[in-house]
Amino acid sequence: QVQLVESGGGLVQAGGSVRLSCAASGRTFGSYAMAWFRQTPGKERDFLATITPKGGGTYYADSVKGRFTISRDNANNTAYLQLNSLKPEDTAVYYCAAQQTPVGSRWPPRSYAYWGQGTQVTVSS
């Protein structure tokens, strides 16, 4: 089991950048695929990006490809999402998620078992 805590959100101007962090508890962080989602009020949670347990592979939603970058530091049990060229429509609560992913598992995962509490990103125009 893993517990996730996001940080790094806040208010940023359009065109700016922000880096979100997701700190994970536990000793097996390197066995989990990590992902980022976002949600706005009244809408479903949208997938943004995911990264393999060892960090060798990534997968992005088309809507953020080229602007957002997912990464991880397994030595420090932390995943990141770098958000660049932000737009007001990027305003949302951003969530990280984890899914234990043994070698040979389907990629990307169909679902994620563990979720953080979310961090708000607000982009002003």
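Provided above is the structure to which this section pertains.
Residues numbered from 1 in each chain as written. Predicted model: local features only at pLDDT ≥ 70, side-chain atom pairs only at ≥ 80, totals over all residues. Heavy atoms only, no water.

### Some words on the state of the cysteines
Simply put, the disulfide is a covalent bond whose two ends are the sulfur atoms of two cysteines. With the rule as written, the count across this model stands at one disulfide. Bridging cysteine 22 to cysteine 96, the disulfide has an S-S length of 2.0 Å. Its S-S torsion of approximately 55° makes the covalent link between cysteine 22 and cysteine 96 right-handed. Of this pair, cysteine 22 sits in strand S3 (residues 18-24) while cysteine 96 sits in strand S9 (residues 92-100); the two residues are 74 residues apart in sequence, bridging distant segments of the chain. The buried category is assigned to cysteine 22, whose relative accessible area is 0%. (Disulfide = S-S within 2.5 Å. Helix = DSSP H or I, 4+ residues; strand = E, 2+ residues; numbered from the N terminus. Buried < 20%, exposed > 50% of the residue type's maximum accessible area, 1.4 Å probe, protein only.)

### A closer look at the pairing of S9
Where strand S4 (residues 32-39) meets S9, eight bridges bridge the pair, whose relative direction is antiparallel. Looking at S9, one finds that phenylalanine 37 is bridged to tyrosine 95. Pairing of S9 with strand S10 (residues 114-115) involves two bridges; the strand directions are antiparallel. Residue pairing for S10: alanine 97 is matched across the bridge by tryptophan 115. (Pairing = 2+ DSSP bridges.)

### What about the packing of aromatic side chains?
Across all of its chains, the model carries five aromatic pairs by this definition. Note on phenylalanine 37 and phenylalanine 47: the rings are 5.6 Å apart at their centroids and 75° apart in plane angle, and the pair reads as edge-to-face. With phenylalanine 37 in strand S4 and phenylalanine 47 in strand S5 (residues 46-51), this pair connects stretches of sequence that are 10 residues apart. We classify phenylalanine 37 as buried; its relative accessible area is 10%. Of the residues examined, phenylalanine 47 reaches a relative accessible area of 24% and is grouped as partly exposed. Measuring from ring centre to ring centre gives 5.6 Å for phenylalanine 37 and tyrosine 112, while their planes differ by 75°; the resulting arrangement is edge-to-face. With phenylalanine 37 in strand S4 and tyrosine 112 in the loop between S9 and S10, this pair connects stretches of sequence that are 75 residues apart. (Phe/Tyr/Trp six-rings, centres within 6.5 Å; stacked < 30°, edge-to-face > 60°.)

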